[in-house]
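Below, each chain spelled out in residue letters.
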Amino acid sequence: MSTIDNLPPLRDVINTHDLRARKSLGQNFLLDLNLTAKIARQAGDLTGCDVLEIGPGPGGLTRGLLSEGARRVLAIEKDPRCLPALAEIADAYPGRLQVIEGDALEIDPLQHLTPPIRVAANLPYNVGTELLVRWLTPKDWPPYWQSLTLMFQREVAHRIVAEPGSKAYGRLALLAQWRADAQIVLNLPPEAFTPPPKVSSAVVHLTALPQPRFPADAAVLNRVVAAAFNQRRKMLRAALKGVAPDIEDRLLAAGIQPTERAEQVSLEAFCALARAVAAP
Ligand code: SAM
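Every chain is numbered independently, its residues counted from 1 as its sequence is written. Under the rules for a predicted model, residues below a pLDDT of 70 receive no local features and side-chain atom pairs below 80 are neither given nor counted, while totals for whole chains, interfaces and linings still include all residues. Neither water nor hydrogens contribute to the side-chain values; these are computed over all heavy atoms in the structure.

Draft legend 1. Broad picture of the nonpolar core. Put simply, buried Ala, Val, Leu, Ile, Met, Phe, Trp, Tyr and Cys residues joined by side-chain atoms within 4.5 Å make one nonpolar core. Each residue gets one of three labels from its accessible area relative to the maximum for its type: buried under 20%, exposed over 50%, partly exposed in between, using a 1.4 Å probe on protein chains only. In this structure, I39, L65, V73 and L188 are the most contacted members of the largest nonpolar core, which totals 34 residues. With 4 residues, the single largest contributor to this core is helix α2 (residues 33-42). Sequence-distant contacts of I39, defined by excluding residues within four places in its chain, comprise L30, L61, T149, M151, L186 and V203. A run of DSSP states H or I qualifies as a helix once it reaches four residues; a run of E qualifies as a strand once it reaches two. Both are numbered from the N-terminal end. Between two residues, a contact is recorded if the distance between any of their heavy atoms is within 4.5 Å.

Draft legend 2. Looking closely at the pattern of salt bridges. Salt bridges are counted wherever a side-chain nitrogen of Lys or Arg sits within 4 Å of a carboxyl oxygen of Asp or Glu. This structure, assessed with the given rule, holds 12 salt bridges. One salt bridge in this structure joins R81 and D79, with 2.9 Å as the shortest N-O distance. Its relative accessible area of 2% is what places D79 among the buried residues. Notably, a salt bridge pairs R134 with E130, separated by 2.9 Å at the nearest N-O pair. Of the two residues, R134 and E130 are both situated in helix α5 (residues 125-136); the distance of 4 residues between them amounts to about one turn of the helix. What makes R134 partly exposed here is its relative accessible area of 40%. Judged by relative accessible area, E130 falls into the partly exposed class, the value being 39%. The structure contains a network of salt bridges with shared partners spanning D50, R71 and R72.

Draft legend 3. Geometry of the site of the ligand. Distances are taken per atom, and a residue is near a molecule or strand as soon as one of its heavy atoms is within 4 Å of it. Close to the ligand lie 20 residues, the nearest being L30, G55, E77, D103 and N122. Each polar contact in these results corresponds to two N or O atoms within 3.5 Å; when the atoms are within protein, one needs to be able to donate a hydrogen and the other to accept it, and residues that are neighboring in sequence are counted only if both atoms are side-chain atoms. Taking P56, its main chain carries an N or O atom lying 3.4 Å from a nitrogen atom of the ligand. The backbone of A104 places a nitrogen or oxygen atom 2.9 Å from a nitrogen atom of the ligand. Exposure was quantified through the Shrake-Rupley algorithm and a 1.4 Å probe, taking into account, for residues, occlusion by the shown protein chains and nothing else. Out of a free accessible area of 600 Å², the ligand has 99% covered by protein chains. Elements represented by at least two residues in the shell around the ligand include exactly β1 (29-30) and β3 (72-77). Residues are grouped as follows: Ala, Val, Leu, Ile, Met, Phe, Trp, Tyr, Cys and Pro are nonpolar; Asp, Glu, Lys and Arg are charged; all remaining types, including Gly, are polar. A breakdown of the residues in the shell around the ligand according to their chemical character gives 8 nonpolar, 7 polar and 5 charged.

Draft legend 4. Representation of the UniProt feature "domain: Ribosomal RNA adenine methylase transferase N-terminal" (unreviewed entry) in the protein chain. UniProt positions are given in the numbering used here, feature names are shortened, and annotations may be inferred rather than shown by experiment. Mapped onto this structure's residue numbering, the UniProt feature "domain: Ribosomal RNA adenine methylase transferase N-terminal" (unreviewed entry) falls at residues 35-210. Annotated as 31% helix and 28% strand, the span residues 35-210 places its first and last C-alpha atoms 31 Å apart.

Draft legend 5. Spotlight on unusual backbone geometry. Between W141 and the following residue, P142, the backbone shows a cis peptide bond with an omega angle of 5 degrees. Among the secondary structure elements, P142 is positioned in the loop between α5 and β6 (145-153). The peptide bond linking T194 to P195 adopts the cis configuration, its omega dihedral lying at -15 degrees. Here P195 is to be found in the loop between β8 (193-194) and β9 (201-208). At D18, a residue that is not glycine, the phi angle is positive and equals roughly 50 degrees.

Draft legend 6. Highlighting the pairing of strand β5 (residues 117-122). Of all 6 residues in β5, 6 are buried, a share of seventy percent or more. By the alternation rule, side chains of β5 split into I117, V119 and A121 and R118, A120 and N122, which are all buried. Two strands pair when backbone bridges link them, and strand β2 (residues 50-54) and β5 are joined in this way by 3 bridges, in the parallel orientation. Across the sheet, the residue bridging to D50 is I117, located in β5. For β5 and β6, the ladder comprises 6 bridges, and the chain directions are parallel. In the strand pairing of β6, A120 is matched with T149. For two strands to pair, DSSP has to find at least two bridges joining them.

Draft legend 7. Here's a closer look at the domain arrangement of the protein chain. Where each domain starts and ends follows an automatic or database-derived domain assignment. When the domains of the protein chain are assigned, the result is domain 1 (10-208) and domain 2 (218-278). Here the C-alpha centre of domain 2 lies 34 Å away from the C-alpha centre of domain 1. At the interface, 10 residues of domain 1 touch 15 residues of domain 2. Once two parts are put together, the accessible area they lose, assessed with a 1.4 Å probe and summed over both, is termed the buried area. Carbon and sulfur atoms make up 66% of the area that domain 1 and domain 2 hide from each other, which totals about 1,000 Å². For domain 1, the biggest contributors to the area lost against domain 2 are R171, L174 and W178; these three give 53% of the whole. Residues that form the side of domain 1 that touches domain 2 fall into these classes: 4 nonpolar, 4 polar and 2 charged.

Draft legend 8. View of the packing of α5 against helix α7 (residues 171-179). Simply put, an axis is a line fit to the C-alpha atoms, just over the touching stretch for a helix, and the angle between two N-to-C directions goes from 0 to 180 degrees. At a minimum axis separation of 10 Å, α5 and α7 run at an interaxial angle of 35 degrees. Where α5 crosses over α7, the handedness of that crossing is left-handed. Here T129, L132, V133 and L136 of α5 lie close against α7, whose contacting residues are L172, L175, A176 and R179. Its residues assigned to classes, the contact of α5 with α7 shows 6 nonpolar, 1 polar and 1 charged. For any helix crossing, the convention is left-handed if the near helix is rotated counterclockwise from the far helix by under a right angle, and right-handed if that rotation is clockwise.

This is the structure in structure tokens:
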């Protein structure tokens, strides 16, 4: 029996179901249930919430989310070998765990979820950034989720919370911080996982803001930011040449010196620039 529920320890689960980790699926499992419960607690008050979990694997974080009081967990897992282990968890928490076998990049989970909804996942690294960008760029804002609590390689986590002037500052920071509060809430060494990955990891908690921090059209902001950081070493007047023919005037209208580089420009100034670019 484990410390958080009446199910067997995860090492036994892995042995019983022969869940040898597969690199191709980004499988680095968390086997310490105290740690998975701690990660679940970072997701906020789960009582009364549906939680979307991507990549439950043998179910360590799933068990943490359920034991921390999630109303329901919807888990999407690509590896069919994990399904019997997850079925045991579903039996232990009747009516509270639904598992969908498939690729999270191809499944729309919304029809299976009832608000309020939180997302929590120890993501496979190969799909983590792609999913984050999708969660941050829905057609309408606020999004369907209240918060995202996600494991990333530490380097990616730093890119999400980066401030202007730092090397990590770029598109991901601007995208995340424009419409969400983003914080690193936990750092984990490679040894926290089985097998240990080559890099350290961190859990990032993002809370959706009711509306964007500064007004801007999402598509224009995205275009400006992409162009600015595609050539981050260049001055903005050169990097943004293709965005508008009179870009120097528009930069000045937004209060940005045309000789500045993308790395130094704040989110607020990028939003002002997006408005200036969108202006007639
Ligand atoms: N959550 C488990 C844990 O913390 O121990 C497993 C985490 S492991 C880093 C990533 C999990 O995501 C694996 O179980 C893997 O099979 C699954 N996975 C990989 N690609 C996926 C995809 N595209 N859609 C859904 N699950 C995926």
